[in-house]
Amino acid sequence: MTYDAIEVVPLTGALGAEVRGVDLSQSLSNRVKSQIHQAFLDHLMIFFRDQTLEPERHVEIARQFGKPAIYPFLKGLDSAPEINVLLKTEADTVNFGGVWHSDTAYKDCPDMGTLLYAHEVPLAGGDTLFANMYMAYEALSDGMKAMIDGLVAANNSDKSYIGGRAAGLRKLEGMKGDMKDRIDTLEAEHPVVRTHPETGRRSLYVNAAHTLRFKDMTQEESKPLIDYLCAHAVQPEFTCRLRWQPGTLAVWDNRCTQHFAVNDYSGHRRLMHRVTIEGDRPH
Ligand code: SIN
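Residues numbered from 1 in each chain as written. Predicted model: local features only at pLDDT ≥ 70, side-chain atom pairs only at ≥ 80, totals over all residues. Heavy atoms only, no water.

*Asks:* Explain the overall build of the protein to me, please; I cannot follow it from the model alone.
*Replies:* Broken down by element type, the protein carries six helices and 15 strands. Each principal axis of the C-alpha atoms in the protein carries an extent, and together these give about 50 × 45 × 30 Å. Here the protein holds 283 residues, and 55% of them are scored as buried. Residue pairs at least 24 apart in sequence account for 85% of intrachain contacts in the protein once pairs closer than 6 positions are excluded. Split by element, the accessible area of the protein, about 12,200 Å² in all, is 50% carbon and sulfur. Distance from the positive charge centre (31 side chains) to the negative charge centre (38 side chains) of the protein: 1 Å. (Helix = DSSP H or I, 4+ residues; strand = E, 2+ residues; numbered from the N terminus. Buried < 20%, exposed > 50% of the residue type's maximum accessible area, 1.4 Å probe, protein only. Contact = heavy atoms within 4.5 Å. Areas by Shrake-Rupley, 256 points an atom, 1.4 Å probe, with all protein chains shown as cover. Lys, Arg positive; Asp, Glu negative; His and termini not counted. Charge placed at Lys NZ, Arg CZ, Asp CG, Glu CD.)

What follows is the structure, given as structure tokens:
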């Protein structure tokens, strides 16, 4: 695709691109909006540097991609409930999202995209890794593709949380005040290989944080293949790494990527605002 209204600079051979020449605080022409959307489909994760985004504008930008979602486990900002504040303080030892995952895979209709905006970041550390799940699927052998093509898996919100998700979130000093009073475990069944509704491409849809077992199989029976697929999907050739700066906005496509927030900045503070976009039922 040729972009003539924006500049798009790829980050790695696998995925990710910086979009330049756009001030997201200003109103955008339809041509710019449609090229940004195309860059999102082409590169799976796009990012913009040096942006100034008030919460209301962050939500407005999110609306260009779809309907902003309400996250089931945390309260949003009073002024903009679609925005979740992801804060890791100097005292926190755990972080939010520090395991490979695709956002809200445990919902019947998982969020299709995420817009994460950096307010405060450590001098070094706190990067986010992303993996291209189209590439992960396409690199499998024909035999493995044939075996997994019809499989369905259960995705659970508590899989990676020892003691449950609520206990995990309560460990975060800066976020426990934002927890919703009643926290349920959510679980949804989705195809292991999904077809992207906009690009028509097939991608692997399993992740270490949420994919618990295959339908009609036990967790023990499912584990070896789930572990294999999860490890296969995040080999370096399929990934990129985003180094944040204050004012960076990243937008990623949860239908064909997964991500991992690196927890390597102990003693430092990181403050992000996150909006996710409602998606449809994977097929
Ligand atoms: C997330 O998992 O959605 C947050 C990622 C991050 O904070 O880098």
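*Asks:* Looking at this structure, how should I read the site of the ligand?
*Replies:* If you check the shell around the ligand, you find L86, G97, H101, D103, L116, T128, W252, H259, A261, R270 and R274 and nothing else. Within the side chain of R274, a nitrogen or oxygen atom sits 2.9 Å from an oxygen atom of the ligand. Relative to its unbound accessible surface of 260 Å², the ligand loses 100% to contact with the protein. Of all the secondary structure elements, the ones that give two or more residues to the shell around the ligand are β14 (257-261) and β15 (270-277). Residues belonging to the shell around the ligand are distributed by class as follows: four nonpolar, four polar and three charged. (Near = heavy atom within 4 Å. Polar contact = N/O pair within 3.5 Å; in protein donor to acceptor, adjacent residues only side chain to side chain. Nonpolar A, V, L, I, M, F, W, Y, C, P; charged D, E, K, R; others polar.)

*Asks:* Hey, could you run me through empty space enclosed by the protein in this one?
*Replies:* Space left empty within the atom packing is revealed by a probe, the size of a water molecule, rolled over the atoms. Enumeration according to the criterion identifies five cavities of 30 Å³ or more in this entry. By volume, the largest cavity is sized at about 120 Å³. A class-by-class count of the residues in the lining of the largest cavity yields six nonpolar, five polar and three charged. By volume, the second largest cavity is sized at about 100 Å³. Along its surface, the second largest cavity is lined by L86, F96, G97, H101, D103, L116, T128, W252, H259, A261, R270 and R274. Breaking the lining of the second largest cavity down by element, the ones donating at least two residues are β14 and β15. (1 Å grid on protein atoms, 1.4 Å probe; cavity = no way out; pocket = protein on both sides within 12 Å on 5 of 7 lines; lining within 4 Å. Points joined across faces, edges and corners; volume = space filled by probe spheres on them.)

*Asks:* Please clarify how the sheet that holds strand β13 (residues 249-253) should be interpreted in this entry.
*Replies:* Strands in a sheet are paired, the pairing made by backbone hydrogen bonds, and the direction either parallel or antiparallel. One open sheet accounts for seven strands, arranged β1-β2-β3-β13-β5-β15-β4; its pairing is mixed. Whereas interior strands pair on both sides, the edge strands pair on one side only; in this sheet they are β1 (7-10) and β4 (84-88). In this sheet, adjacent strand axes meet at a mean angle of 25° when their direction is disregarded. Relative to strand β2 (residues 17-20), β1 runs antiparallel, the two being bridged by four bridges. Across the sheet, V8 pairs through a bridge with V19, a residue of β2. (Pairing = 2+ DSSP bridges. Axes fitted to C-alpha atoms, helices over the stretch in contact; angles between N-to-C directions.)

*Asks:* Explain the environment of M133 here, please?
*Replies:* The topology assignment puts M133 in helix α3 (residues 133-138). Take M133: its relative accessible area is 2%, and that puts it in the buried class. For the pair M133 and G200, spaced 67 residues apart in the sequence, the C-alpha separation amounts to 13 Å. If sequence neighbours within four positions are ignored, M133 has contacts with S203, L204, V206, A233, C256, T257 and Q258.

*Asks:* Could you clarify how one ought to interpret the sheet that holds strand β6 (residues 128-132) in this entry?
*Replies:* On the basis of which strands lie adjacent, the open sheet formed by three strands has the order β12-β6-β14 and antiparallel pairing. At either margin of the open sheet sits one strand with a lone partner, and together these are β12 (239-242) and β14. Adjacent strand axes in the sheet meet at a mean angle of 20° when their direction is disregarded. Where β6 meets β14, five bridges bridge the pair, whose relative direction is antiparallel. What sits directly across from T128, in β14, is A261.

Remember, this is a structural readout, not a statement about activity or role.
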